[in-house]
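A structural walkthrough
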Amino acid sequence: MEAENIINHMKDESSFEKILVIGLGQLGLPVAKYVKDKGFDVYGYDSNPLVMDNAEREHGIKKLENFKDVDVFVICISTHKENDVSTPQVDGLLALIRKISKEATNGKLVSIESTIPRGTTRKMFEILEHRFHVVHAPHRWYALEEEVHGVNQLRVIGGVCDCCLRTGIRFYDGVSHGLEKEDLEYYNGNKSYKSLGIPMYSVSSVELAELTKIIENADRYLQIAFAEDLYMFCKANQISFGELRDAINTKWNVNILEPRDGIGGHCIPKDTRMFLESSEIKSKILIAAQEVDKDYRKYIERMVKDINQINH
Ligand SMILES: NC(=O)c1ccc[n+]([C@@H]2O[C@H](COP(=O)([O-])OP(=O)(O)OC[C@H]3O[C@@H](n4cnc5c(N)ncnc54)[C@H](O)[C@@H]3O)[C@@H](O)[C@H]2O)c1
């Protein structure tokens, strides 16, 4: 996108004031707190009343039921099946978008931060009848290293249309990408509106933004599956996995991971499935990695059983 267009758009737009963070779980709560700390008028919405009450009581995130006057919707809801964390499901997102479409004022910004399958953002834009700016800014938040990999870290953003992307960038404040030095100086000197101060890396289509996130996690899946594979190889051949791994990892461009209890959590397996289901032609290496993880889980289960038997 041309820098001049971005700057002109910034001059034209009114400021963002009232922000609604939807889904106040592991990701959404820190996001809401961050947005609040940046001086915005922040509200929260969560389908779980206990989660909402906690956010209100402990963190001052005010509850909002009607979406009428909201300037920006930041969506951080779960995108897996209720009783199966590794199966993707966006039904909740669909219902939410319908509520936004019915209640919110046209022209506002809707940002999906949750992880979603390829093609989801554009579908949401259709449900919103092109009346809102819609971006996807998938999150990379990491609970165990919140200091360095928390809310304010470099992220990818894509918009359904150019004007969606411009509005999204203006809210998140990642204008360094694609701007000339003098434009950047203008931008940095322009204090007429607030933004989150999060560096964003913009891409040319919203589908590309969707893919970046699910492929990041598919890549992680592969790395862990390879560690599991190697571990089983070592056990079958009476080789110390730890010693082998330490020795290999002395090379500058190698980092063999440690296998643990199998590839779990509500992100990596689900996002890998989102990627596999994003195309008719499936990644063969990922399908093999899923098989490895299944074998590894069985192997671990057998090992635990054997140990328990010995101890009895
Ligand atoms: N947790 C992470 O480390 C992390 C990192 C990056 C991306 N993500 C992605 O962010 C999204 C949220 O993950 P999370 O870890 O915060 O999940 P979570 O389960 O901790 O929180 C999700 C919250 O959304 C609420 N919710 C679900 N459906 C809703 C609806 N229709 N309307 C309103 N509220 C609803 C739930 O009650 C819950 O409080 C997922 O797509 C996940 O893949 C998570």
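**Comments concerning the overall build of the protein chain**
Within the protein chain, the secondary structure is distributed over 12 helices and 10 strands. Taken over 312 residues, the protein chain has a buried fraction of 47%. Across the protein chain, the fraction of contacts at a sequence separation of at least 24, relative to all contacts at a separation of at least 6, is 71%. In the form shown here, the protein chain has an accessible surface area of approximately 16,500 Å², with 50% of it arising from carbon and sulfur atoms.

**Observations regarding the sheet that holds strand β3 (residues 62-63)**
With mixed pairing, the 8 strands of this open sheet are ordered in space as β3-β2-β1-β4-β7-β8-β9-β10. Either end of the sheet is taken by a strand with one partner, and the two such strands are β3 and β10 (200-202). As judged from the 3 bridges shared by strand β9 (residues 155-159) and β10, these two strands associate in the parallel manner. Considered in β10, the bridge of V156 is made with Y201. In the packing of helix α7 (residues 162-172) onto the sheet, the strands contacted are β1 (18-22), β4 (72-75), β7 (109-112), β8 (133-136), β9 and β10, and the crossing angle to β9 comes to about 145°.

**As for the environment of E146**
For E146, the position within the fold is in helix α6 (residues 146-149). Of the residues examined, E146 reaches a relative accessible area of 42% and is grouped as partly exposed. Measuring from C-alpha to C-alpha, the distance between E146 and P30 comes to 9.4 Å, with 116 residues separating the pair along the chain. Ignoring any residue separated from it by four or fewer positions in sequence, one finds E146 in contact with P30 and W141.

**Digging into the site of the ligand**
Contacts to the ligand come from 23 residues, most closely from Q26, D46, T79, H266 and K270. In the environment of the ligand, an oxygen atom lies 2.7 Å from a nitrogen or oxygen atom belonging to the side chain of T79. When the ligand is considered free in solution it has 830 Å² of accessible area, and contact with the protein chains removes 84% of it. Structurally, the shell around the ligand is a two-domain feature, drawing no fewer than three residues from each of domain 1 (3-203) and domain 2 (211-311).

**Quick word on the confidence of the model for the protein chain**
Of all residues in the protein chain, 89% have pLDDT values of 70 or greater, and the mean over the chain is 91. A low-confidence stretch, residues 6-12 (pLDDT under 50), is modelled with 14 contacts involving residues beyond four sequence positions or located in other chains.

**Some thoughts on the nonpolar core**
Core analysis: the largest hydrophobic core is formed by 58 residues, its most contacted members being I22, I75, I100 and F171. Aside from chain neighbours lying at most four places away, what touches I22 is Y45, F67, F73, V74, I75, C76, I77, L96 and I100. By size, the runner-up hydrophobic cluster in this structure holds 18 residues, among which are Y231, I268, A289 and I300.

**Side note on the packing of helix α2 (residues 28-37) against helix α3 (residues 49-59)**
α3 packs onto α2 with a crossing angle of 35° between their chain directions and a minimal axis gap of 12 Å. For the crossing formed where α2 meets α3, the hand is right-handed. For the pair formed by α2 and α3, the contact residues are L29, K33 and K36 on the first element and N54, A55 and H59 on the second. Partitioned by chemical class, the residues of the contact of α2 with α3 number 2 nonpolar, 2 polar and 2 charged.

**Some remarks on the packing of helix α11 (residues 268-276) against helix α12 (residues 284-311)**
The N-to-C vectors of α11 and α12 enclose an angle of 145°; their axes lie 10 Å apart at closest approach. In this structure, α11 meets α12 at a crossing whose hand is left-handed. From α11, T272, R273, F275 and L276 reach across to α12, where they touch L286, I287 and Q290. Residue classes in the contact of α11 with α12 are distributed as 4 nonpolar, 2 polar and 1 charged.

**Concerning the pairing of β4**
The alternating pattern of β4 places V72 and V74 on one face and F73 and I75 on the opposite face, and all of these are buried. Where β1 lies against β4, 4 bridges are found, and the strand directions are parallel. Note on β4: the bridge partner recorded for L20 is F73. As paired strands, β4 and β7 are joined by 4 bridges and run parallel to one another. Bridge assignment links I75 to a residue of β7, and that residue is I112.

**Things to note about helix α4 (residues 91-103)**
In this model α4 runs 19 Å from its N-terminal to its C-terminal C-alpha over 13 residues, within 8% of the 18 Å that 1.5 Å per residue would give. Within the span of α4, buried status applies to L93, L96, I97, K99, I100 and S101. Close packing links the buried residues of α4 with β1, β2 (41-45), β4, β7 and α5 (120-127).

So, how was this worked out
Residues numbered from 1 in each chain as written. Predicted model: local features only at pLDDT ≥ 70, side-chain atom pairs only at ≥ 80, totals over all residues. Heavy atoms only, no water. Helix = DSSP H or I, 4+ residues; strand = E, 2+ residues; numbered from the N terminus. Buried < 20%, exposed > 50% of the residue type's maximum accessible area, 1.4 Å probe, protein only. Contact = heavy atoms within 4.5 Å. Areas by Shrake-Rupley, 256 points an atom, 1.4 Å probe, with all protein chains shown as cover. Pairing = 2+ DSSP bridges. Axes fitted to C-alpha atoms, helices over the stretch in contact; angles between N-to-C directions. Near = heavy atom within 4 Å. Polar contact = N/O pair within 3.5 Å; in protein donor to acceptor, adjacent residues only side chain to side chain. Domains from an automatic or database assignment. pLDDT = per-residue confidence, 0-100. Core = buried A, V, L, I, M, F, W, Y, C linked by side-chain atoms within 4.5 Å. Left-handed = near helix turned anticlockwise from the far one by under 90°. Nonpolar A, V, L, I, M, F, W, Y, C, P; charged D, E, K, R; others polar. Expected span 1.5 Å × (residues − 1).

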